[in-house]
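# Summary of structural features
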Amino acid sequence: MIEHIVLFSMIAISFYTIFTPARMFSVIGRTAISILATLLYTILAAPDVAIAEALLGALLTTLVYLIALKSRDRIKIGFTPVRLLFEKIGEAFTGFEYELMKNFCEKYDYGVEFVEYSSLEELIEALNEGKIDIGCGGIFREDKRGYLETKIFYLEDEKLDLLRYMDRTYRGEELNHVFQKEGSYHILFADEELKSRFKRFLKAEKDLVERLKRKYLGEEGK
């Protein structure tokens, strides 16, 4: 009877481990399976196998996974160039989102590689295909759930966020929008663990975020 309960628990945790989006939770699930396996071997009168599972499966394997997650020291950040948000000037970068991501990576000891994309469509496709870990550079949506509010301008054949709209008008283009809506900028993540860390970073570094907003955006991003 007890072994059946243990077996069903192992199966349930296995599904959780496979389908949970957060890597750390996957490691926890893997460890729980090993602990239950140790219990099962003990119930089935196989103490030598139970000891091996406890040492190798529950302890050593978990330690290896934790070290691997902790030492994930390089991430790829894809971006589309947007004035004031994420710009490349020569070999250097500048902008609100650039400094935000730079500080985030420094806090968690990530090495970083920046990859430039010419359009938001290419950027999001690369993110979905796992070519990059983070997507940024003026990714806007018709909601207010992002990290920074903006306005979305609807032209006859395209839609633009406020900063792109202003940049093109600065360069002399005549843009006649049909209507506009409220929206916000988002930073997208391929990994739930990275996303969770970034949310914690934003909460812990509110003063930094406000300082960068004043430095780069002032009233322009509103």
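Here's what I pulled together on the structure shown here. (Residues numbered from 1 in each chain as written. Predicted model: local features only at pLDDT ≥ 70, side-chain atom pairs only at ≥ 80, totals over all residues. Heavy atoms only, no water.)

### Digging into the overall build of the chain
We count it as follows: A helix here means a DSSP run of H or I that spans at least four residues, while a strand means a run of E at least two residues long, and both kinds are numbered starting from the N terminus. The globule rule used for comparison is 2.2 Å times the number of residues to the exponent 0.38, while the radius of gyration itself is calculated over C-alpha atoms. For every residue, the accessible area (1.4 Å probe, protein chains only) is compared with the maximum for its type, and the residue is labelled buried under 20%, exposed over 50%, or partly exposed between those bounds. Two residues qualify as a contact provided that any one of their heavy atoms is within 4.5 Å of a heavy atom in the partner residue. Methods summary: accessible areas were calculated by the Shrake-Rupley approach with a probe of 1.4 Å, and residue burial reflects only the protein chains presented. In this charge count, Lys and Arg are treated as positive and Asp and Glu as negative; neither His nor the chain ends contribute. By convention, charge coordinates are those of NZ in Lys, CZ in Arg, CG in Asp, or CD in Glu.
A tally of regular secondary structure across the chain gives eight helices and eight strands. Its C-alpha atoms give the chain a radius of gyration of 24 Å, clearly above 17 Å, the size a compact globule of 222 residues would have. Over its C-alpha atoms, taken along the principal directions, the chain stretches across nearly 80 × 35 × 30 Å. Looking at the 222 residues of the chain, the share that counts as buried comes to 41%. Counting only contacts in the chain whose residues sit at least 6 apart along the sequence, the fraction spanning at least 24 positions is 69%. Of the roughly 13,100 Å² of accessible surface on the chain, 57% is carried by carbon and sulfur atoms. Positive and negative charge centroids in the chain, built from 31 and 36 side chains respectively, lie 4 Å apart.

### Considerations on the packing of helix α4 (residues 96-107) against helix α8 (residues 206-216)
We count it as follows: Note on geometry: axes are C-alpha line fits, over the in-contact stretch for helices, and angles between N-to-C directions span 0 to 180 degrees. Any angle that is under 35 degrees is reported as roughly parallel, and any over 145 degrees as roughly antiparallel; angles of 65 to 115 degrees are reported as roughly perpendicular and all others as oblique. By the definition used in this description, the sense in which the near helix is turned from the far one sets the handedness, with an anticlockwise turn below a right angle giving left-handed and a clockwise turn giving right-handed.
The contact between α4 and α8 brings their axes to 9 Å, and the two run at 155°. Classified by the angle their axes make, α4 and α8 are roughly antiparallel. Crossing angle aside, the handedness with which α4 passes α8 is right-handed. The segment α4 lies against α8, with Phe96, Glu99, Leu100 and Asn103 engaging Leu208, Val209, Leu212, Lys213, Lys215 and Tyr216.

### Side note on the sheet that holds strand β8 (residues 179-189)
Quick note on the threshold: Paired strands, in this sense, are two strands between which DSSP finds at least two bridges.
The strand order β4-β1-β5-β8-β6-β7 describes an open sheet built from six strands, whose pairing is mixed. Across the chains shown, the open sheet's two edge strands, defined by having one partner strand only, are β4 (111-116) and β7 (159-161). For this sheet, the mean angle separating the axes of adjacent strands, direction not counted, is 30°. As judged from the five bridges shared by strand β5 (residues 134-141) and β8, these two strands associate in the antiparallel manner. Paired with isoleucine 139 across the strands is histidine 186, a residue of β8. Each of β5, β6 (148-154), β7 and β8 is contacted by helix α6 (residues 162-170), which is oriented at about 100° to β7, the strand it contacts most.

### Looking at the pairing of strand β1 (residues 74-79)
In the sheet, β1 pairs with β4 via six bridges, with the strands oriented parallel. Across the sheet, lysine 76 pairs through a bridge with glutamate 113, a residue of β4. With three bridges joining them, β1 and β5 adopt parallel strand pairing. What sits directly across from phenylalanine 79, in β5, is cysteine 136.

### Brief notes about the environment of leucine 212
Tracing the backbone shows leucine 212 in helix α8. Dropping the residues within four chain positions of it, leucine 212 is found in contact with Phe96, Glu99, Leu100 and Leu217.

### Re helix α5 (residues 120-128)
To keep things clear, this is the line we draw: Here the arc refers to the set of directions running from the helix axis out to each C-beta atom.
Here α5 has its buried residues at Leu120, Leu123, Ala126 and Leu127. Taken around the axis of α5, the buried residues stretch over an arc of 125°, which confines them to a single face. Opposite the buried face of α5, by more than 90 degrees, sit the exposed residues Glu121 and Asn128.

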